[in-house]
Amino acid sequence: MNHKDIEKKWQKKWEEKIPSEGEKLYCLTMFPYPSGDIHVGHWYNFAPADVYARFKRMQGYRVFFPIGFDAFGLPAENAAIKRGIHPETWTYENIERMREQLKSMGCIYDWSSEIVTCDPGYYKWTQWIFLELFKAGLAYRKRVPANFCPSCRTVLANEQVVEGKCERCDSQVEQKEIEQWLLNIRNYAEELVSSLDDLDWPEKTKTMQKNWVGKSEGAIIEFTVAGRSLPVFTTRPDTIFGATYLVLSPEHPLLSEIKSEAENPAEIEDYIAESRMKTELERISETKEKTGVYVKGVTGMNPLTGEELPVFVADYVLMHYGTGAVMAVPAHDLRDYEFAKKHDMPIKRVISSKEDLPFEGEGETIHSGDFSGMPSEEARKRITDHLEKSKLGERKVNYKLRDWLVSRQRYWGAPIPIVYCKHCIKEKDKKTFIEGEEHAILPDENLPVLLPWVDDFNPSEEGKSPLSRNRHFKEAMCPRCGEKAERETDTLDTFVCSSWYYLRYADPHNEESFADKKKIKEWLPVDVYIGGAEHTVMHLLYSRFFTKALRDMGHLRFSEPFLKLRHQGVILGPDGRKMSKSKGNVVDPDKEIEKHGADAVRMYLCFMGPYDQGGVWSPSGIMGVKRFLDRVYKTEVKKDNNKEIDGLLHRTIKKVGEDIERMHFNTAISSMMTFLNEVSFMGVDQMRLFLLLLAPFAPHFAEEMWHNMNFKGSVHDAFFPQHDEELAKEEKVTMVLQVNGKVRAKVEVDAGISERKAKKIALKETEKWTEGKEVKKVIVVGNNLVNIVCVE
RNA sequence: GCCGGGAUGAUGAAACUGGUAAACAUGCGGCACUCAAAAUGCCGUGGGCCCUGCCCUUGUGGGUUCGAGUCCCACUCCCGGCACCA
């Protein structure tokens, strides 16, 4: 069969399809970034997902399987700058090409609901959601130390910084204090952790999200420094008797006050300046070297013991976590221990244990006044109770998660729909200072705020958006007073666009709302979501946050966007390394289709190994599935069904159905291969059923065969076969006979053999090995194994 | 350092709840067809030995069990994530 002729033909016919009736099933793959060409990685995401979607549709589900493009973002600009094409032109040209390539895969995408995030019709609603968040107090503008990538010339979210470097271009990220837009994802920290449990997600992904949010329970305790209050967060109040000094972060606001009271203000000042100079990377690389200076002449006090404590400034204490200050317990905290060793501070053990210091585990309290001699867990509770009663502290839960910085100083993104007005400031207004002047922050509800076509989209040196140079765009009318005002010129991080796209699919052309409530109810939440594991802490966390925020604002009635999540693995080049142009090991799917056909490529991707594991693309491996399809094509078809083949076939049907459901595509295919290897012909009905099994994997091939056989309608409109329990039953089975756990013989027996009979046969057949020995025990396992235990 | 996940033939792997380890496929070897090659088909393919048969074998060492790739303990290596989060 010539795949080239048949694939185009069927793809054209299928495009006319519309979803049928049945229980809804929203099946989604993470939408692609229009980078230029569809690569094997896309295929590995989309093809097996399509197998699943087709399978579910054949089972009678009303499957919704949309596709779109995550079209804003830096690569468009970078590529455009390099080649002198406008990002918009570049993006839409790529989309055009990718659409054709996607169609060549033979997926059952519903193209009528396609979305492109850089279309004004889409980003209008991205902007609208941003304003909803703003009005709900979940989007705010603040001067914060931000991660700035000098090469991309924009700030980055914490999630986009990997080991102190920009995840995109690998440049070393700098810290810059700039006014930025942030989303208050921290408000949802607790729920983002607690509601993970009910989701059918890979455990690993859940754990990673939990760790990223980083919940820890402890207490805030009121220490004092030079008579002023210094709250400190700790997860170990039980070690408070072991606190031997206090440490403030260099950015701590209290420092400016106590500095002047210290005997060494210059030294402190120098240290603060020095640590401010350090980049994120330097701080990280110095994790072992704990620097800091002693604040001479200033003492702190332990509220529980009344003990006087020396005070330090050290940058191992971070301003953005807890209260920016810690009680140092060197005996029971590794970092405090290292610092104490270096600066000769006393180390006081308060938890007994056989282990050496620093000991961070649990044990019995010692040298802890009234709280001595109890398990540390109990001490933790009692000490906290005592502190709360005496108003010296309170229980507190802290999260590592930081708010999400969403403004980008780049061109190719959704404009932030905000206007700054200096004329109409009111008491209740949210305000900001632009070049020293006070401005009210006002939402521009005249949406969409269109991204203007500009020719100069190069980012500026000082990290200002290219839009800030566009006077036309920047100059706006105040939506409240009508006076001249200034428009925000930063754009939104693309992750904002992709945090809600799964909602838009339900109603992609709606101009009145982001999606009609009825349509949302009809399709959402997403039942099965398939995509790469690299999105664990960004896209997936942000989307969950958006869903919860939109729910609380009354727009949604569910709390989690993706009920079931599966990750596909990574496909490596034939040399076993990650595919990249520079290594010359890129497999071009277009060429593979040309050579072997879309069906063979789809099937090979499914067959190569467990779906979540990925693997090495083997040019010879694909021949296996190709040969298999050829053998199906050549199989002799007889008029009547053979009963024995029926048995084999129905067992295969059972296995294939179960395996696709579990997304074990590789074993589903191997069962079909095994079946074909065991038969030399099939009856017409048997071939009909077999083609149905094959249909999700090799849709064009199965359709062509289906028509050649003169079966009715489309193979894809038929129901996926249900196995017949009676036919699937085996009459004879192989029973394995063991003596002392060693396989000694195999016998054919009736499937329904009784335990007594099995025992009898087994004893007789193994006489050779049990001769002269005493049989102590005979274990019969169903009809497939008997183990005879005997001794000399 | 902490948290996950993994290690099975030459290779990708299979074995769901403990019950025949290596299904299926690639590769390799042999044979058939062919003038020849490709394609296709058939056979063989974990290791060892005193080869009709027996012994060993799922990263290493121990344990539980009639029986362990699967469960428990300790260790080695590989991959992914986090990383001064008090």
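Remember, it's a predicted structure, so these values are computed and weren't measured experimentally. (Residues numbered from 1 in each chain as written. Chains lettered and ligands numbered in written order. Predicted model: local features only at pLDDT ≥ 70, side-chain atom pairs only at ≥ 80, totals over all residues. Heavy atoms only, no water.)

## Describing the protein's contact with RNA strand B
Surveying the vicinity of RNA strand B reveals 49 residues, the closest of which are Thr235, Tyr321, Arg335, Met608 and Gln613. Taken together, the sugar and phosphate atoms account for 64% of what RNA strand B places within 4 Å of the protein. At a separation of 2.6 Å, a sugar or linking oxygen of RNA strand B approaches a polar backbone atom of Tyr316. For the surface near RNA strand B, the secondary-structure elements that each account for two or more residues are helix 7 (203-213), strand 11 (228-234), helix 20 (622-634), helix 22 (665-678), strand 33 (732-739), strand 34 (742-750), strand 35 (774-781) and strand 36 (785-791). With six residues, the top contributor of residues to the surface near RNA strand B is helix 22. The class makeup of the residues in the surface near RNA strand B is 19 nonpolar, 17 polar and 13 charged. (Near = heavy atom within 4 Å. Polar contact = N/O pair within 3.5 Å; in protein donor to acceptor, adjacent residues only side chain to side chain. Helix = DSSP H or I, 4+ residues; strand = E, 2+ residues; numbered from the N terminus. Nonpolar A, V, L, I, M, F, W, Y, C, P; charged D, E, K, R; others polar.)

## A word on the sheet that holds strand 35
In space, the four strands of this open sheet follow the order 34-33-36-35, with mixed pairing throughout. The outermost strands of the open sheet, each flanked by one partner alone, are strand 34 and strand 35. Across this sheet, the average inter-strand angle for adjacent strands is 20°, counted without regard to direction. For strand 33 and strand 36, the ladder comprises four bridges, and the chain directions are parallel. Residue pairing in the sheet places Val739 in a bridge with Ile788 of strand 36. Across the sheet, helix 26 (residues 755-765) is in contact with strand 33, strand 34, strand 35 and strand 36; its angle to strand 35 comes to roughly 130°. (Pairing = 2+ DSSP bridges. Axes fitted to C-alpha atoms, helices over the stretch in contact; angles between N-to-C directions. Contact = heavy atoms within 4.5 Å.)

## Brief notes about the packing of aromatic side chains
Following the criterion strictly, the structure yields 40 aromatic pairs and no others. An angle of 80° between the planes, with centres 6.3 Å apart, marks the rings of Trp500 and Phe514 as edge-to-face. Of the two residues, Trp500 sits in the loop between helix 14 (494-497) and helix 15 (501-504) while Phe514 sits in the loop between helix 15 and helix 16 (517-523), which places them 14 residues apart along the sequence. For Trp500, a relative accessible area of 0% gives the class buried. Of the residues examined, Phe514 reaches a relative accessible area of 3% and is grouped as buried. For the ring pair Tyr502 and Phe562, a centre distance of 4.9 Å and an interplane angle of 70° mean the geometry is edge-to-face. With Tyr502 in helix 15 and Phe562 in strand 28 (residues 562-568), this pair connects stretches of sequence that are 60 residues apart. For the residue pair Tyr502 and Phe562, the accessibility class agrees, reading buried in each case. Three or more aromatic residues link up through ring pairs in this structure, and these residues are Phe31, Tyr501, Tyr502, Tyr505, Tyr529 and Phe562. Stacked on the ring of Tyr316, the Lys or Arg Lys290 has its end atom at 5.8 Å from the ring centre. (Phe/Tyr/Trp six-rings, centres within 6.5 Å; stacked < 30°, edge-to-face > 60°. Buried < 20%, exposed > 50% of the residue type's maximum accessible area, 1.4 Å probe, protein only. Lys NZ or Arg CZ within 6 Å of the ring centre and 35° of its normal.)

## Digging into helix 18 (residues 589-596)
The set of residues buried in helix 18 consists of Pro589, Glu592, Ile593 and His596. The arc enclosing the buried residues of helix 18, seen along the axis, measures out at 100°, which places them on a common side. Helix 18 presents Lys591 and Lys595 as exposed residues on the side facing more than 90 degrees away from its buried surface. For helix 18, the secondary structure elements touched by its buried residues are helix 1 (3-14), helix 2 (40-58), helix 19 (598-607) and helix 20. The distance from a side-chain oxygen at the start of helix 18 to the backbone nitrogen of Asp590 is 3.0 Å, and the residue carrying that oxygen is Asp588. Looking one or two residues past helix 18, Gly597 carries a phi angle of roughly 100°, positive in sign. (Arc of directions from axis to C-beta.)

## Focus on unusual backbone geometry
Along the chain, Leu357 connects to Pro358 via a cis peptide bond; the corresponding omega equals -5°. By the element assignment, Pro358 lies in the loop between strand 16 (351-352) and strand 17 (364-365). One non-glycine residue, His367, lies in the positive phi region at around 45°. Structurally, His367 can be placed in the loop between strand 17 and helix 12 (376-389). By relative accessible area, which is 56% here, His367 ends up exposed. Of note in the backbone geometry, Asn710 takes a positive phi value of approximately 65° without being a glycine. For Asn710, the location among the structural elements is in the loop between helix 24 (699-708) and helix 25 (725-728).

## As for the packing of helix 1 against helix 18
In contact at an axis separation of 8 Å, helix 1 and helix 18 are set at 115° when each is read in the N-to-C sense. The orientation of helix 1 with respect to helix 18, classified from their angle, is roughly perpendicular. Packed against helix 1, whose contacting residues are His3, Lys4 and Glu7, the element helix 18 presents Ile593, Glu594, Lys595 and His596 at the interface. Residue composition of the contact of helix 1 with helix 18, grouped by class: one nonpolar, two polar and four charged. (Parallel < 35°, antiparallel > 145°, perpendicular 65-115°, else oblique.)

## A short note on helix 3 (residues 74-83)
Every buried residue of helix 3 is listed here: Leu74, Ala76, Glu77, Ala79 and Ala80. Those residues of helix 3 that are buried are in contact with helix 4 (87-103) and strand 6 (154-156). Note on helix 3: the residue one or two positions beyond its end, Gly84, has a positive phi of about 75°.

## What to know about the side chain of Asp429
With respect to the element layout, Asp429 can be found in the loop between strand 21 (418-421) and strand 22 (431-434). Engagement of the side chain of Asp429 in a polar contact is seen with the backbone nitrogen of Lys426, the distance being 2.9 Å. Here Arg480 takes part through its side chain, which lies 2.8 Å from a polar atom of the side chain of Asp429. Those residues in contact with Asp429 that lie beyond four places of it in its chain are Cys424, Ala440 and Arg480.

## What to know about the environment of Ile779
Tracing the backbone shows Ile779 in strand 35. When the C-alpha positions of Ile779 and Glu755 are compared, they lie 9.4 Å apart, and in sequence the two are 24 residues distant. For Ile779, the contacting residues outside a window of four places in its chain are Leu785, Val786, Asn787 and Val789.

## Topic: the pairing of strand 28
Within strand 28, five of the seven residues are buried, which leaves the element mostly enclosed by the surrounding structure. Across six bridges, strand 27 (residues 526-532) lies against strand 28 in parallel orientation. Paired with Tyr529 across the strands is Leu565, a residue of strand 28. One crossover worth recording links strand 27 to the parallel strand 28 by way of helix 17 (residues 539-552), and it is right-handed. (Right-handed = clockwise from strand over helix to strand, strands pointing away.)

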